[in-house]
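# Survey of secondary and tertiary structure
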Amino acid sequence: MVNTYKIVSLGASGAGKTVFLSSMFKALSIQGDYTFFLEVEDRTKEKILNAIYANVVTGDSWPEGTRYSEVSEWTFTCRVQAPTLEVYTACRFTYFDYAGGRLTDSNEEDPEFDRIVEEATTVLGLLDGRKIYELMKEAKNFSVDTFLKKDLPSIVKRIRKSTVPIHFVISKWDLIEDEFSLKQVRERLLKIPEFQELIRMRNAANSPVRLIPVSSIGSGFAIPQPDGGMKKISGAVPRPFQLEAPLACVLPDGLQARISALQKKQGEIEKMPIGTQNVFSGIISVFGRTSQTVLDVFGALAFLLPDEYQFARPVVTVLSRGLSYGVGKHEQSLAERAEKLKQEREASLKLVKDEASSLQHAVYNFAVIENKLMRNFPESELILT
Amino acid sequence: MSNVNNYDIITLGTSGAGKTVFLSSLFKSLSIQGEHRFFLEVSDSKMERLLNKFYSEILSGGWPAGTRGDIQKWVFTCCVKNQNLEQYPACQFTYIDYAGGLLTDVDSEDEGYDFNFDQEIEKADAVLALLDGLKLLKFMEGKESDNRDVDNWMQRDIPSLMRRVQKCKKIPVHFVISKWDLLANKYTLLEVRNRLLEKVNEFKNVVKNRADANCPVRLIPISSIGVNFMTPQADGSMKKVSGAVLNPFQVEVPLAFVLTDSLQAKISQLKMEQEEISRRPTEIKPKYGFLNRLDQLLSNTVLPSYNALINQFLIINLPEKYKNNSALKELIKLTEQSVKVVDKKIERTQEEVARKQEQAAQETARLRRLQEESLKVVNDEETALSHVVNSFTHIQKKLAENFPESDLGGLGI
């Protein structure tokens, strides 16, 4: 049985949620630098994503009213091609696209949505890079206003109650990167009170939040024009940038958040007066008492985790190495880890022969990607000091 | 129809890449045994007429309309002629044709006929991935005005094609550049290959994965019409050169590359069968039941001597005084009678033995005939296949000589 990880994607209309998925699919649909690939479960949806990405590059707009606007669920199968060319399924990722209009225009409570978020492994909050660029330029215009008053607050409002890990993805990074660093963008975003408050709450729950810059076309493909359009550089080939990072962080962050929740529960139980504890709490306190590291907690309490986190021990070992959330991630240790991970990943590809071994191999890839993100953008991990 | 092996070949190509034109040109080029020591036959006469119609359209400077609607399966028989000029089927292959739009178009008119590529690829014996030469030309030229077409080709068509190729397991898969006539005088295959590997990540990765798995991968340029038959016009259309003749270029080469491995495997299998048939015993020994065997034993040994014994001792050698003894006479009479019974039995048993031996001899002869016949069938099939394989090997060698860079397994990846 293959595990499915659910991701709720949030973003204002036009923030490019589907464009993000189409670019991610473009970047990961053929096994190459990363030794896994994604397949779209539905052929028609695959063709839609394929065509949307081509439109991003050609600059054509997608015709209004076509079927893709109705798609609210995209399932990607993560697969590994062994050196024998046999293909094995590692896991699935399902993205629930939360309609942009519904997100920003409604103030009502939405228990159905809250339930979906609660079940999700991570939330993907898509931030429009063009609006952020204008915000950084301190432009006083409609789009900056919309971003500050509508787009960002509505995402924050929807997820502040939960403890699900969040990946804030900044699209169109190619527009920003020449003028601003991620550190600068992060500092600016943290000046927004709702945003800062959300990060503080997630930090307290030890649930990961990341700020991940991506670009569908990469740098050096097109030059932005004053009118908002893009002029392509002749002969340039688009190189999707870092689109694999949010996907790769789903599993490590999801596991981290679940383990943190267990640790929290354990702490609460230990403080409970005797007599109010029940059988369940007894189990947690007995098995988890001395648990500190992710691996320890997992070893002791894995049976309390949902099915999709019931990993074989080698998988947890790989995941847990990157999970010392917020501690000791210095460049030197990251560099050493990168080298080690690459060697282990290569060795594990040769062992791929079924679903379990292909999941383990995919996890090595996720760890390689997460490690690379941490090296290139240490400030992408949102931890308030 | 003979029971020769069939091989399914899928040609992956987007709309307009030239799948159907390639098919009709392939058939036309190979429908008569000439330079190559085999020829193609279409199993269905209606299909043959259709292929000829396509070809006439090309001859008159037009193109057959794009394939629409249902998936078509064209069954070709690869035949050889023996020295007595008898036609002999060596193998059969099925060319699976479909509307290229099904590969990429979301709102394809042919949506109702959606072709399950993954399932078909799973079943296929070989895959040819067709790269549209016209799009490739624009890609090579890199003209500003062609940007949109090239972008669509690189970002939509190629990824879609490569995702399907990625699914192919260890079956022969080769890349075919159609419309090579457009590129032939402008670019070398090496330039095209290098540019593709440099700029089209999906292509590079898929080729690398297959090469790493020790699967041969080739980039094969073909032209269904040949050089100088048509010239491209400023508006993008093609115009027939007056008086020019069709001269298909290398259309047979992809076939030679995708089928040889399977055919060689079949030949090895036939060789094993030959050995097996030759080893099979053909001499049949007569079979007798237990009582038969006992009778036979007695009739051959004990009984005749017993008979002789009676004659010799009881009758001939009896002392005279006993010859009038009635009781003894009676005994002798009885003995004589039983000897007659025994004689009859011996006769019958010997007849039986003779009959069984005759049957066995007949059966042996029948089996020998059968062995000879099946050996002939296998030998003929092997001969026919070897014929085709020799031709294919020759075609392969020629490509390797003319376009050494067509081998993608080597340098540059």
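All values derive from a computational prediction rather than experimental measurement.

## Quick notes on the pattern of salt bridges
Residue and element names in this part refer to chain A.
- If you walk through the whole model with that rule in mind, you get 38 salt bridges over all chains.
- For R92, the salt bridge is made with E41, and the minimal N-O distance between the two is 2.8 Å. Of the two residues, R92 sits in strand β4 (residues 87-97) while E41 sits in the loop between β2 (37-40) and α2 (43-58), which places them 51 residues apart along the sequence.
- When its relative accessible area of 48% is taken as the criterion, E41 is described as partly exposed.

## Some remarks on the confidence of the model for chain A
- Of all residues in chain A, 85% attain a pLDDT of 70 or more, and the chain-wide mean is 84.
- Overall, residues 286-291 of chain A carries pLDDT values under 50, and its contacts beyond four positions in sequence, including any with other chains, amount to 14 contacts.

## Focus on the interface of chain A and chain B
- Between chain A and chain B, the residue contacts involve 36 residues of the former and 37 residues of the latter.
- Both faces considered, chain A and chain B share a buried interface measuring about 3100 Å² in area, 44% of it formed by carbon and sulfur atoms.
- Considering only the surface of chain A that becomes buried against chain B, I30, K47 and L85 of chain A emerge as the three largest contributors, covering 22% of it.
- The interface formed by chain A and chain B contains 6 salt bridges.
- Here E46 of chain A makes a salt bridge to R163 of chain B, at a shortest N to O gap of 3.9 Å.

## Regarding the domain arrangement of chain A
Residue and element names in this part refer to chain A.
- Once the domains are mapped, chain A shows domain 1 (4-243) and domain 2 (255-380).
- Carbon and sulfur atoms supply 61% of the area buried between domain 1 and domain 2, which totals about 2700 Å² over both sides.
- When the buried area of domain 1 at its contact with domain 2 is split by residue, Y34, N206 and R210 rank highest and sum to 20% of it.
- In this structure, the salt-bridge partner of R210 is E370, at a minimum N-O distance of 3.0 Å.

## Details of the packing of aromatic side chains
Residues and elements named next belong to chain B.
- Enumeration over the complete set of coordinates arrives at 21 aromatic pairs over all chains.
- An angle of 25° between the planes, with centres 5.3 Å apart, marks the rings of F76 and F93 as stacked. Of this pair, F76 sits in strand β3 (residues 72-81) while F93 is found in strand β4 (residues 87-97), placing the two residues 17 residues apart along the sequence. By the burial criterion, F76 is buried, and F93 matches it.

## Concerning the sheet that holds strand β1 (residues 6-12) of chain B
Residue and element names in this part refer to chain B.
- In spatial order, the strands read β2-β3-β4-β1-β5-β6-β7; together these 7 strands make up an open sheet with mixed pairing. Of all the strands in the sheet, the pair left with one neighbour each is β2 (39-42) and β7 (219-221). Adjacent strand axes in the sheet meet at a mean angle of 30°, parallel and antiparallel pairs treated alike.
- Here 3 bridges tie strand β6 (residues 173-177) to β7, and the two strands are oriented parallel to one another. In the strand pairing of β7, V176 is matched with I220.
- Here helix α12 (residues 326-402) sits on the sheet and contacts β3, β4 and β7; the angle it forms with β4, its principal contact strand, is near 55°.

## As for the nonpolar core
- Membership of the largest hydrophobic core comes to 103 residues, with the highest contact counts inside it found for F93, F168 and F311 of chain A.
- A domain-level breakdown of this core finds at least three residues from each of domain 1 (4-243) and domain 2 (255-380) of chain A.
- Every residue in contact with F168 of chain A, bar those within four places of it in the chain, is listed here: G125, L127, L152, I155, F195, L198, I199, V209, R210, L211 and I212 of chain A.
- Within the second largest apolar cluster, 96 residues are counted, among which are A17, L103, W153 and L189 of chain B.

## As for unusual backbone geometry
- Notably, Q242 of chain A is not glycine yet its phi reads approximately 60°, a positive angle.
- Among the structural elements, Q242 of chain A can be located in the loop between β9 (230-232) and α10 (244-271).
- Take Q242 of chain A: its relative accessible area is 8%, and that puts it in the buried class.
- With phi around 65°, N214 of chain B is a residue other than glycine that occupies positive phi space.
- Its place among the elements puts N214 of chain B in the loop between α9 (201-212) and β7.

## Quick word on the pairing of β4 of chain B
Residues and elements named next belong to chain B.
- For β4, the buried fraction is high: 9 of the 11 residues fall into the buried class.
- Both β1 and β4 contribute to a ladder of 5 bridges, which runs parallel. By the bridge assignment, I10 is partnered in β4 with I96.
- Where β3 and β4 come together, 10 bridges link them in antiparallel fashion. Each residue of the ladder has a partner; that of T77, found in β4, is Q92.

## Details of the sheet that holds β4 of chain A
Residue and element names in this part refer to chain A.
- As summarised here, the arrangement of the 7 strands in space is β2-β3-β4-β1-β5-β6-β7, forming an open sheet in which the pairing is mixed. The open sheet is flanked by β2 and β7 (209-213), the only strands paired with a single partner. Averaged over all neighbouring strand pairs, the angle between strand axes comes to 25°, with direction disregarded.
- Of the strand pairs in this sheet, strand β1 (residues 4-10) and strand β5 (residues 122-127) are connected by 4 bridges, and their pairing is parallel. The partner of V8 across the bridge, within β5, is V123.

Definitions and limits used
Residues numbered from 1 in each chain as written. Chains lettered and ligands numbered in written order. Predicted model: local features only at pLDDT ≥ 70, side-chain atom pairs only at ≥ 80, totals over all residues. Heavy atoms only, no water. Salt bridge = Lys/Arg side-chain N within 4 Å of Asp/Glu carboxyl O. Helix = DSSP H or I, 4+ residues; strand = E, 2+ residues; numbered from the N terminus. Buried < 20%, exposed > 50% of the residue type's maximum accessible area, 1.4 Å probe, protein only. pLDDT = per-residue confidence, 0-100. Contact = heavy atoms within 4.5 Å. Buried area = accessible area lost by both parts, 1.4 Å probe. Domains from an automatic or database assignment. Phe/Tyr/Trp six-rings, centres within 6.5 Å; stacked < 30°, edge-to-face > 60°. Pairing = 2+ DSSP bridges. Axes fitted to C-alpha atoms, helices over the stretch in contact; angles between N-to-C directions. Core = buried A, V, L, I, M, F, W, Y, C linked by side-chain atoms within 4.5 Å.

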